[in-house]
Amino acid sequence: MSPPIILGIETSCDETGIGIVRGQELLANQIASSVDEHARFGGVVPEIASRSHLEAIEPALRRACTDAGITLDDVDALAVTAGPGLIGALLVGVATAKALSAALGIPVYGVNHLASHVVVDELQHGPLADPTVGLLVSGGHSSLLLVTDDASVITPLGQTLDDAAGEAFDKVARLLGLPFPGGPWIDRAAVDGDASAISFPRGLSGPGDRERYPYDFSFSGLKTAVARWIATREAAGQGVPVADVAASVQEAIADVLTARTVSACIDHGVDHVVIGGGVAANSRLRAMAQARCDAAGITLRIPRPDLCTDNGAMVAALGSRLVASGVAPSPLDFPTTSHLPVTQRSW
Ligand code: KG4
Ligand code: ZN
């Protein structure tokens, strides 16, 4: 018998994502982004995001079914991001999923966006190793996780004490006059820069921090340091070397993320790492993580960039895993919530 077909819906922020999987085989991954509508405000405007989801979701559903060569009647179960995220944006996806569940008479899983970012790699590289250390780095979250029991138990080891890694990229990009969201622009600008040009601070690397915060991150000091560095240059009438600043900032962020990930592996005797979330698309983070994991004898997995940033396939992947593990579907009145701990995979 062929594995069940799961349709995943993602609307937690500014991407309307519809993904379709058969088991862990990816059949479709349609994304409609409202990012251009937010760019002039320098950040995601929740009301604009919600309205864009409303307009984009139905055409995206149709396109995904066409790509997968199925109709909605072929779908065995639905999965939808129930949190965390922007509440108005989430509600569009959740209401759509609940309506489809009722109309088609199929189960629906209200799932965790953060857990989806980790599990999505199974679509590309097969089942996650047990145990695995997960580095989750997105626009709203940065954490180190211990993923065990066939990805059914996700235990936080550490997290950012202030800004998320993606937020740090976005704020620095803004200081440099680059568009929103800044991460991809910093990545591109850094190609022509010298990563050793400026030594920006590595958060939580002071005396005693290693013991007190072994797996945590802090990026707000980095943003302040960049702002001061730029202000000093400008006060001296000197131009700002955007490529060098971008490369040096990227180096500082990748350095702390990868160093703490390898430490977590060594301390917990784990030799597998998976990296997920939008920042996992960063080319320097990918390269540095690969080099450091190779040196430490750790097997590294990172999904390809389009599976790292928000998408519907990741939601379908987690839904598919829940179905395969025999987890009960969510009740039709499951809540939509802007805060949902990574430990809770579904309702
Ligand atoms: O996971 P994601 O798509 O949405 C959230 O759940 O937050 O992550 C978005 C974040 C943004 O901060 C964006 O700037 C960052 O991921 N990002 C990157 C890159 N691509 C996306 N950061 C650095 N380098 C990239 N190539
Ligand atoms: Zn995300």
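Given the structure is predicted, the values throughout are model-derived calculations rather than measurements.

Draft legend 1. Here's a closer look at the coordination of the zinc ion (ligand 2). At this site the zinc ion (ligand 2) is bound by H113 (NE2), H117 (NE2) and D310 (OD), with donor distances of 2.0 to 2.1 Å. Here the donor residues for the zinc ion (ligand 2) map to a single chain with the spacing H-x3-H-x192-D. Separated by four residues within a single helix, H113 and H117 lie in helix α4 (residues 113-119), roughly one turn from each other. Grouping residues by exposure puts H113 and H117 together as buried.

Draft legend 2. Up close: the site of ligand 1. In the vicinity of ligand 1, 19 residues are found, and the nearest of them are G139, D170, D187, G278 and D310. Interatomic distance of 3.1 Å between a side-chain N/O atom of H113 and an oxygen atom of ligand 1. In this structure, D187 approaches ligand 1 through a side-chain N or O atom, which is 2.9 Å from a nitrogen atom. Against a free-state accessible area of 550 Å², the protein chains account for coverage of 88% of ligand 1. Where the shell around ligand 1 is concerned, the elements lending two or more residues are α4, α6 (165-175) and α7 (182-190). Here the residues of the shell around ligand 1 sort into five nonpolar, eleven polar and three charged.

Draft legend 3. Summary view of the packing of aromatic side chains. With the rule as written, the count across this model stands at two aromatic pairs. Ring centres 6.5 Å apart and planes at 75 degrees place the aromatic pair F200 and W229 in the edge-to-face group. Of this pair, F200 sits in the loop between α7 and α8 (209-212) while W229 is found in helix α9 (residues 220-235), placing the two residues 29 residues apart along the sequence. In this structure F200 comes out as buried when scored by relative accessible area, which is 4%. Summarising the aromatic geometry, the rings of F217 and F219 are spaced 6.1 Å apart at their centres and angled 15 degrees between planes, so their arrangement reads as stacked. Summarising the burial analysis for this pair, F217 and F219 share the class buried. If you follow K98 out to its NZ or CZ, it ends over the ring of F334, 4.4 Å from the centre. One Lys or Arg, R188, reaches over the ring of W185 and ends 4.7 Å from the middle of that ring.

Draft legend 4. A look at the pairing of strand β2 (residues 15-22). Taking burial as the measure, the eight residues of β2 include seven buried ones, the bulk of the element. Alignment of strand β1 (residues 5-10) against β2, held across six bridges, turns out to be antiparallel. Across the sheet, G8 pairs through a bridge with G19, a residue of β2. Where β1 hands over to β2, the hairpin turn is made up of four residues, counted between the paired strands. Adjacent in sequence and paired antiparallel, β2 and strand β3 (residues 25-33) are bridged by two residues, among which G23 carries a positive phi angle near 60 degrees.

Draft legend 5. A look at the sheet that holds strand β8 (residues 153-159). Read across the open sheet, the five strands follow the order β8-β7-β6-β9-β10; overall the sheet is mixed. Pairing within the sheet leaves two strands with one partner each, and these edge strands are β8 and β10 (299-301). With direction set aside, neighbouring strand axes in the sheet form an average angle of 25 degrees. Pairing of strand β6 (residues 132-137) with strand β9 (residues 272-276), which is carried by four bridges, proceeds in the parallel orientation. In the strand pairing of β9, V133 is matched with V273. Across the face of the sheet, helix α11 (residues 283-296) comes into contact with β6, β9 and β10 while running at roughly 160 degrees to β10.

Draft legend 6. Region of interest: the domain arrangement of the chain. Entries for the chain in the domain assignment read domain 1 (5-119 + 311-324) and domain 2 (130-305). Taking the mean C-alpha position of each, domain 1 and domain 2 sit 27 Å from one another. Opposite the 13 residues of domain 1 that make contact, domain 2 presents 16 residues. Of all residues in domain 1, L114, H117 and V118 give up the largest surface area on contact with domain 2, accounting jointly for 45% of the area buried on that side.

Conventions used here
- Residues numbered from 1 in each chain as written.
- Chains lettered and ligands numbered in written order.
- Predicted model: local features only at pLDDT ≥ 70, side-chain atom pairs only at ≥ 80, totals over all residues.
- Heavy atoms only, no water.
- Donors = N, O, S within 2.8 Å, 3.2 Å for Na, K, Ca; no water.
- Helix = DSSP H or I, 4+ residues; strand = E, 2+ residues; numbered from the N terminus.
- Buried < 20%, exposed > 50% of the residue type's maximum accessible area, 1.4 Å probe, protein only.
- Near = heavy atom within 4 Å.
- Polar contact = N/O pair within 3.5 Å; in protein donor to acceptor, adjacent residues only side chain to side chain.
- Areas by Shrake-Rupley, 256 points an atom, 1.4 Å probe, with all protein chains shown as cover.
- Nonpolar A, V, L, I, M, F, W, Y, C, P; charged D, E, K, R; others polar.
- Phe/Tyr/Trp six-rings, centres within 6.5 Å; stacked < 30°, edge-to-face > 60°.
- Lys NZ or Arg CZ within 6 Å of the ring centre and 35° of its normal.
- Pairing = 2+ DSSP bridges.
- Axes fitted to C-alpha atoms, helices over the stretch in contact; angles between N-to-C directions.
- Contact = heavy atoms within 4.5 Å.
- Domains from an automatic or database assignment.
- Buried area = accessible area lost by both parts, 1.4 Å probe.

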